[in-house]
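# Coordinate analysis (summary)
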Amino acid sequence: MKLIGPASAAEFEQYYDLRWKILRAPWNQPRGSEQDTLDATSIHVMVIADNKVALGVGRLHFNTISEAQIRFMAVDVGHQRRGIGTLILKALETRGAELGATRIVLDARETALGFYCKLGYSTTGPGPMLYDRIAHVKMSKLL
Ligand SMILES: CC(C)(COP(=O)(O)OP(=O)(O)OC[C@H]1O[C@@H](n2cnc3c(N)ncnc32)[C@H](O)[C@@H]1OP(=O)(O)O)[C@@H](O)C(=O)NCCC(=O)NCCS
């Protein structure tokens, strides 16, 4: 298992496939719905198995020169709660700090609140409702 920044077309295929499987497919969203226009300029991190299959993914983009946002955190169902999400989140924070971020914000699914709390994020208010069903909470952390 190792942490990489996806670079090749094959790695990005794995990366987006896992993002779609975990964050979009359960809500019957089509392939392609897992991507947005910020992907082209964002920082992407993934954990891959020895056979190169993606086990976890996450993305960071900048909202301002000092505020970065984390989105699309997803770990393969069979590999959750083994520290992979933590590895990815910390790698994104480190890269964000290197690039000048002093604050990270995110919209946490209510079901993942405990994960972000454990990693030092605090709630700042209600977040968006996705597909009329997935409630989010706004969170932030000073680096
Ligand atoms: C949320 C997610 C990214 C966390 O990744 P992970 O690899 O499972 O998390 P880790 O193993 O690094 O967990 C770190 C700590 O957070 C806790 N934690 C993890 N997921 C949690 C959850 N959903 N609720 C509460 N606590 C959680 C773990 O217990 C762990 O604490 P421990 O080390 O004391 O056991 C992953 O479970 C996932 O993909 N979930 C489904 C998709 C999702 O909700 N993504 C986030 C959208 S905002």
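Preceding this section is the structure that the text describes.
Residues numbered from 1 in each chain as written. Predicted model: local features only at pLDDT ≥ 70, side-chain atom pairs only at ≥ 80, totals over all residues.

With 15 residues, helix α1 (residues 9-23) should reach 21 Å at 1.5 Å per residue; the first-to-last C-alpha distance of 21 Å fits that figure. All buried positions along α1 are accounted for by Tyr-15, Tyr-16, Leu-18, Arg-19 and Leu-23. Buried residues of α1, seen end-on, are gathered within an arc of 155° and therefore sit on one face of the element. In α1, the exposed positions angled more than 90 degrees off the buried face are occupied by Ala-9, Ala-10 and Glu-13. Structurally, α1 contributes buried residues whose contacts are with β2 (43-48), β3 (54-62) and β4 (67-75). (Helix = DSSP H or I, 4+ residues; strand = E, 2+ residues; numbered from the N terminus. Expected span 1.5 Å × (residues − 1). Buried ≥ 20, exposed ≤ 12 C-beta atoms within 10 Å, placed from the backbone. Arc of directions from axis to C-beta. Contact = placed C-beta atoms within 7 Å.)

A word on the site of the ligand. In the vicinity of the ligand, 18 residues are found, and the nearest of them are Gln-80, Gly-85, Thr-86, Gly-114 and Phe-115. Those elements giving two or more residues to the shell around the ligand turn out to be β4, α2 (84-98), β5 (103-109) and α3 (113-118). Partitioned by chemical class, the residues of the shell around the ligand number 8 nonpolar, 6 polar and 4 charged. (Near = placed C-beta within 6 Å. Nonpolar A, V, L, I, M, F, W, Y, C, P; charged D, E, K, R; others polar.)

Turning next to α2. A rise of 1.5 Å per residue sets the reference length of α2, with its 15 residues, at 21 Å; its end C-alpha atoms lie 21 Å apart and thus fit the reference within 8%. What α2 keeps buried is the set Ile-84, Gly-85, Ile-88, Leu-89, Leu-92 and Gly-96. One side of α2 carries all its buried residues, which in axial view fall inside an arc of 130°. In the core, the buried residues of α2 are packed alongside β2, β3, β4, β5 and α3.

With that settled, consider the environment of Asp-76. Inspection of the secondary structure puts Asp-76 in the loop between β4 and α2. Judged by C-beta crowding, with 18 C-beta atoms within 10 Å, Asp-76 ranks as partly exposed. In this structure, the C-alpha to C-alpha distance between Asp-76 and Leu-18, residues 58 residues apart in sequence, is 7.0 Å. Leaving out residues up to four positions away in the same chain, Asp-76 has contacts with Leu-18, Leu-55 and Gly-56.

Another aspect to go through is the sheet that holds strand β7 (residues 134-142). The mixed open sheet is built from 7 strands, whose spatial order is β1-β2-β3-β4-β5-β7-β6. The open sheet is flanked by β1 (2-4) and β6 (122-130), the only strands paired with a single partner. Each strand of the sheet is rotated relative to its neighbour by a mean of 25°, with strand direction disregarded. One ladder, built from 6 bridges, connects β2 with β3; its direction is antiparallel. Note that in β3 the partner of Val-47 across the bridge is Gly-56. (Pairing = 2+ DSSP bridges. Axes fitted to C-alpha atoms, helices over the stretch in contact; angles between N-to-C directions.)

A few words on the environment of Gly-5. Along the polypeptide, Gly-5 turns up in the loop between β1 and α1. Note on Gly-5: 12 C-beta atoms within 10 Å, which makes it exposed. Taking the C-alpha atoms as reference, Gly-5 lies 13 Å from Lys-52; in sequence the two are 47 residues apart. Apart from the residues within four sequence positions on either side, Gly-5 is in contact with His-44 and Val-45.

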